[in-house]
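Remarks on the overall topology
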There are 4 protein chains.
Amino acid sequence: MAATATSPAAAHGGATVEAPPVVRLLVSCEDRQGIVAAASGLLDELGANIVTSDQFSTGIEGGRFFMRMQFALPSGLGQDEIEARFAPIAGRFAMDWRMWRAGAPKKVAVLVSRYDHALLDLLWRRRRGELEADIGLVASNHPDLEADVVGFGLPYHHVPVEKGRKPEAEAKLLELLAGKFDLVVLARYMQILSGDFLRDVGAPVINIHHSFLPAFAGAGPYERAKERGVKLIGATSHYVTEELDAGPIIEQDVIRVDHAASAADLERLGADIERSVLGRAVKWHCEDRVLVDGSTTVVF
Amino acid sequence: MAATATSPAAAHGGATVEAPPVVRLLVSCEDRQGIVAAASGLLDELGANIVTSDQFSTGIEGGRFFMRMQFALPSGLGQDEIEARFAPIAGRFAMDWRMWRAGAPKKVAVLVSRYDHALLDLLWRRRRGELEADIGLVASNHPDLEADVVGFGLPYHHVPVEKGRKPEAEAKLLELLAGKFDLVVLARYMQILSGDFLRDVGAPVINIHHSFLPAFAGAGPYERAKERGVKLIGATSHYVTEELDAGPIIEQDVIRVDHAASAADLERLGADIERSVLGRAVKWHCEDRVLVDGSTTVVF
Amino acid sequence: MAATATSPAAAHGGATVEAPPVVRLLVSCEDRQGIVAAASGLLDELGANIVTSDQFSTGIEGGRFFMRMQFALPSGLGQDEIEARFAPIAGRFAMDWRMWRAGAPKKVAVLVSRYDHALLDLLWRRRRGELEADIGLVASNHPDLEADVVGFGLPYHHVPVEKGRKPEAEAKLLELLAGKFDLVVLARYMQILSGDFLRDVGAPVINIHHSFLPAFAGAGPYERAKERGVKLIGATSHYVTEELDAGPIIEQDVIRVDHAASAADLERLGADIERSVLGRAVKWHCEDRVLVDGSTTVVF
Amino acid sequence: MAATATSPAAAHGGATVEAPPVVRLLVSCEDRQGIVAAASGLLDELGANIVTSDQFSTGIEGGRFFMRMQFALPSGLGQDEIEARFAPIAGRFAMDWRMWRAGAPKKVAVLVSRYDHALLDLLWRRRRGELEADIGLVASNHPDLEADVVGFGLPYHHVPVEKGRKPEAEAKLLELLAGKFDLVVLARYMQILSGDFLRDVGAPVINIHHSFLPAFAGAGPYERAKERGVKLIGATSHYVTEELDAGPIIEQDVIRVDHAASAADLERLGADIERSVLGRAVKWHCEDRVLVDGSTTVVF
């Protein structure tokens, strides 16, 4: 899972020659013989050197095949020409597929409530160049974090959710988001989003849940962890589906706690895990490392 | 949680002088001022040097106080004399308390079914002197592991559980166990024990559950972990109560897995976590480090 | 190591009654019988309830004894009165000792060069109330991080270190620091401090080193880790002594890496470990949990 | 790193149809365009479905390329026929290469001294089918572990190393080992092997070192770790080269310790890490996941 080169320049370590752009090919389809040969054969024919390649199959016959391949764009060829040449192969194998220029940032919007840790960590990771993400706006149902967000040079939208008037709030959020972003991140946004919203927003939505799912799904996980006396607390980042806290898991991690930790201590310690787990999930998503496989994920 | 000296000899590093025995004092009671002063004052008066001391309170007023104190027995004084002198203090603070000679092994019985990993690790740790445990017998509802157990020089009792005749099996187990052991360990014993059995066996029972409780309580946790797509799998060691998989947790740990691991892989990887978690729980219990606090534990 | 209550109020969970202040007693001395009894006996006599107590001995006879005790200040008594009453006990056992009001922040100065991660994490943890620290100033040999520091409402002092003129730079730093702070933190300050500076600054200095010491002491640890092909990289926080990278270690941690990670990737991944290790070391120091034992530390 | 299917049967989960054998292709060569296309194209032409594929390059031009590909052997074709067809491709790219039948065990010999933990864990993992290894003999410079080894049904050779007569001992070991094994494992064998021995034994040699290398290379690592006051102790498994403790690292791990742990405690805790690190290194080697890259390794 450690970062691999997304540009041949990385491997040269300071070469002054302009390195060719790298393109990612993402594929999922029913597993059959010949997929790798067809894809790599075309790339060879076009003069494109494969930089990295990952593949996984849930079973040779009847199973599902997943692939992430990065290749250097040959000089004189555009990504669209390669896509046109690849389309017939994709058709032959009935592939779900797309290509994405490596390093080209995803357009990202962040929703948040009052807790700052997950949001600030994303903004800081973006600033230091860790994320292939162009964070375009932050929206919140509370005004609290405006100064922090503006300090990072980003617009902050306060969209309050009044009791009994969630549809109005979601409509306002959709005005801000729908069709304008590649990814929406819930960085401890404490409102449940409706199925209609998830359909209309037009982008995958990643959430960070403050427990090791499926343990302590729902509200108040740290209080319940304290009552149950668990010796580790965790966090889970997952794609949001209409079923609460049940979407495909991207990343999880835990931290050790003991009997002396109060529920407030668990919340404080948990914040460190939440921000690192969400940071990895967003990083991997933006690098096209995460492919959804029904209710789970393949993470290359 | 790292092992602390249980005998002053340990600190001298090979002294040839006979070190005095060390006694442990375990206390739980309502928290009030003066408990530590009363206990340490008596020990000082008796000439007993305190070797280690741990204490924890859930709240000064109305909370519960827990203490584990180890002291060197002064020459010329027996543990029973110190107990007699301590009894009035215990009465004054309405303490739950006991003393135990450090290093004196607990008498332990192990129940197991077919999986060997948790059992063999306990037997090996006992052999190399890691556990303050005298494992006296192993009983199983299957005959499979007899040769292994006999190889460690221990008796193996095959007590099959026939369909619909669990009471008879439990009666046979009680004949072997009741009143004869300080601790019963379920090292992947795949039968649910009745409340009657738990009452009659007369010793605490420690179980190892093959998931990070409360996630995946009940049967088939690895299959369900695979379906849910979790990125970590875990194990939980807890005291057994009548409510299945809900007793006070002693220790938990996890291991990272990925999409490529099958349910069988999870089971294989999980075995490593199960044996180390159970080993720690049994070690800590035998060293009197675990005090039960309602549905949870304090682990010193 | 999980945070324990520093005020009785914490345990009551929202009590409206004013909780009494808590005082910490830190002791190190030659181990002898009666230390705990004497200390707890005095506190009991004064009506002071012991909230937490940790102790450790390197050996009963000839060894060294360390203790951290927190007690609730009885109403009507000041910390100075208790100190006066404790002094004779301290004299009897030839103790190194001090008392500190729990929750009273240490005055802290931070030195930094160009990397922002360790500094920003400290400032953020301070802002959210995680550290018992009052960060009073940040000084740097580079101007780069001024805007960030000012954004947190803190003064930023640019003290360049010109080639061959380090004594002048250290003199300027001493003007800013000497006698004014309880702790100096090097949050990736890339200059070696002289023995004279360390003597004159009048406060302990905590550094974060970007390797798992003693591996890769000195410069360029990530490059050397890449060459050596290690499978984990780490960070070490330690007190600074005149001998480079050899002071008493407070905390260490590691993160898993693989062959695909470049030296630049190691540096990026290492930053996450550096900031969390330094954060824990500073937190524990400020909570008086760290006692120096020659070339090592006892961390309660 | 989680286990991937080595046979298509694994994916079918209990299919009664005979699954075709799987063959592994291991390649390292200078990186150039067309390697993947050539290999996968041939396999497609021969009707061989690629089951898994991993690749890594240290740089597109001038770098080194590593690949591990598993494919199902088409019915009617032998591995030798595929090797014959692959040889010209290998020649074209100047590959270091080999094929190995997945699941076919490596012939393994184990050298050990007196500590039992690493040896017993290997023997147990072999017995439960975790390792693609056929452990053929155990040799030791001490007689202590004979009963354990014989209990696993294996021959035990006692080859003492008398002071000043190491060449004679190595000659006896070479009689037992040379040319007869695919791998030699040093499971805490406390003798330094000569360069001549390493050349003549004719198989890679894997060692487990009881520290996180390069920290505490050489003798007495736990004593030195205790003196230095490190907060984590580790273990390192590496290929043995003539330079002591400097061969390519395969796997490392650590465990947290604290000030209360004596050097003896570190040794006991370290044993758990040693056995698990060595177990993973041997498992991965036997599954052909480890490719040497100069002084480091690529682990797929």
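Residues numbered from 1 in each chain as written. Chains lettered and ligands numbered in written order. Predicted model: local features only at pLDDT ≥ 70, side-chain atom pairs only at ≥ 80, totals over all residues.

A tally of helices and strands in chain A yields nine helices and 13 strands. The C-alpha radius of gyration of chain A comes to 21 Å, within 12% of the 19 Å expected for a compact globule of 300 residues. By principal-axis analysis of the C-alpha atoms, chain A measures approximately 60 × 45 × 40 Å. Burial analysis of chain A (300 residues in total) assigns 48% to the buried set. A sequence separation of at least 24 residues applies to 66% of the contacts in chain A between residues at least 6 apart. (Helix = DSSP H or I, 4+ residues; strand = E, 2+ residues; numbered from the N terminus. Rg over C-alpha atoms; globule rule 2.2 N^0.38 Å. Buried ≥ 20, exposed ≤ 12 C-beta atoms within 10 Å, placed from the backbone. Contact = placed C-beta atoms within 7 Å.)

Moving on, we come to the interface of chain D and chain A. Accessible area lost upon the coming together of the parts serves often as the stated size of an interface. Contacts between the two partners involve 24 residues from chain D, matched on the other side by 24 residues from chain A. In terms of residue class, the side of chain D that touches chain A is built from nine nonpolar, 14 polar and one charged. (Nonpolar A, V, L, I, M, F, W, Y, C, P; charged D, E, K, R; others polar.)

Bringing the relation of the copies chain D and chain A into the picture now. Once turned by 180° and shifted 0.0 Å along the axis, chain D lies on chain A with an RMSD of 0.0 Å. These values place the two chain copies in the arrangement generated by a two-fold rotation axis. With an isologous cut-off of 70% or more, the 100% of interface residues of chain D that recur at the interface of chain A puts this contact in the isologous class. (Least-squares fit on C-alpha atoms with pLDDT ≥ 70 in both.)

A word on the domain arrangement of chain A. All names here are of chain A. Each domain of chain A was delimited in the assignment, giving domain 1 (8-101) and domain 2 (106-299). Each of domain 1 and domain 2 has a C-alpha centre, and these two points are 31 Å apart. With eight residues of domain 1 at the contact, the number on the domain 2 side is five residues. Those elements that provide at least two residues to the side of domain 1 that touches domain 2 are strand S1 (22-30) and strand S3 (64-72). When the residues that make up the side of domain 1 that touches domain 2 are grouped by side-chain class, the tally is four nonpolar, one polar and three charged. (Domains from an automatic or database assignment.)

Now for the environment of A:Asp116. Residues and elements named next belong to chain A. By the secondary structure assignment, Asp-116 is in the loop between strand S5 (106-112) and helix H4 (117-127). With 20 residues separating them in the primary sequence, Asp-116 and Gly-136 have C-alpha atoms 17 Å apart. If sequence neighbours within four positions are ignored, Asp-116 has contacts with Leu-145 and Asp-148.

Let us look at the confidence of the model for chain A. Residue and element names in this part refer to chain A. Scored by pLDDT, chain A has a mean of 93; 94% of the residues are at 70 or more. Considering only residues more than four positions removed or in separate chains, one finds that residues 1-16, a stretch of pLDDT under 50, has 35 contacts. Here the predicted complex carries an ipTM of 0.91, next to a pTM of 0.93. (pLDDT = per-residue confidence, 0-100.)

When you line up the elements, D:Arg228 lands in helix H8 (residues 221-228). Put simply, D:Arg228 and D:Trp284 are 56 residues apart on the chain and 33 Å apart in space, counted from C-alpha to C-alpha.

Moving on, we come to the pairing of strand S1 (residues 22-30) of chain B. When S1(B) meets strand S3 (residues 64-72) of chain B, the two strands line up antiparallel, connected through nine bridges. Bridge pairing links B:Arg24 to B:Gln70 in S3(B). (Pairing = 2+ DSSP bridges.)

A few words on helix H4 (residues 117-127) of chain D. Most of H4(D) sits out of view: ten of its eleven residues are buried. Following H4(D) by one or two positions, D:Gly129 has its phi on the positive side, about 85°.

Omega for the peptide link from C:Leu213 to C:Pro214 comes to 10°, which places this bond in the cis form. Mapped onto the elements of the fold, C:Pro214 is located in the loop between strand S9 (205-209) and helix H8 (221-228). Within the chain, A:Arg188 stands out as a residue other than glycine whose phi angle is a positive 65°. Here the phi dihedral of C:Asp288 falls at roughly 55°; this positive angle occurs in a residue that is not glycine. Examined against the element boundaries, C:Asp288 turns out to sit in the loop between helix H9 (263-286) and strand S12 (290-293).

Here we take up helix H2 (residues 35-45) of chain D. Counting buried positions over the eleven residues of H2(D) gives eight, a clear majority of the element. Within the span of H2(D), buried status applies to D:Ile35, D:Val36, D:Ala37, D:Ala38, D:Ala39, D:Ser40, D:Leu43 and D:Asp44.

With that out of the way, let us pick up the sheet that holds strand S5 (residues 106-112) of chain B. All names here are of chain B. Taken together, seven strands build an open sheet; the order of strands is S7-S6-S5-S8-S9-S10-S11 and the sheet is mixed. At either margin of the open sheet sits one strand with a lone partner, and together these are strand S7 (156-158) and strand S11 (249-256). The average angle at which neighbouring strand axes cross in this sheet is 20°, direction not considered. Where helix H6 (residues 166-177) meets the sheet, its contacts fall on S5, strand S6 (133-140), S7 and strand S8 (183-186), and the angle it forms with S6 comes to roughly 160°. Helix-sheet contacts for helix H9 (residues 263-286) involve S5, S6, S8, strand S9 (205-209), strand S10 (232-239) and S11, and the interaxial angle to S11 is about 150°. (Axes fitted to C-alpha atoms, helices over the stretch in contact; angles between N-to-C directions.)

With that out of the way, let us pick up the sheet that holds strand S8 (residues 183-186) of chain A. All names here are of chain A. Spatially, seven strands are ordered S7-S6-S5-S8-S9-S10-S11 in an open sheet, and the strand pairing comes out mixed. Strand pairing shows two members of the sheet lacking a second neighbour, strand S7 (156-158) and strand S11 (249-256), which therefore form its edges. Within the sheet, the average angular offset between the axes of one strand and its neighbour, ignoring direction, is 20°. Here S5 pairs with strand S6 (residues 133-140) via seven bridges, running parallel. Bridge pairing in S6 links Val-112 to Ser-140.

Let us look at the packing of H4(A) against helix H9 (residues 263-286) of chain A. All names here are of chain A. The contact between H4 and H9 brings their axes to 9 Å, and the two run at 45°. Overall, the two elements H4 and H9 adopt an arrangement that is oblique. Viewed along their axes, H4 and H9 form a crossing whose handedness is right-handed. Taken together, the residues of H9 that come into contact with H4 (itself represented by His-117, Ala-118, Asp-121, Leu-122 and Arg-125) are Ala-271, Glu-274, Arg-275, Leu-278, Gly-279 and Val-282. Classifying every residue of the contact of H4 with H9 by side-chain character gives five nonpolar, two polar and four charged. (Parallel < 35°, antiparallel > 145°, perpendicular 65-115°, else oblique. Left-handed = near helix turned anticlockwise from the far one by under 90°.)

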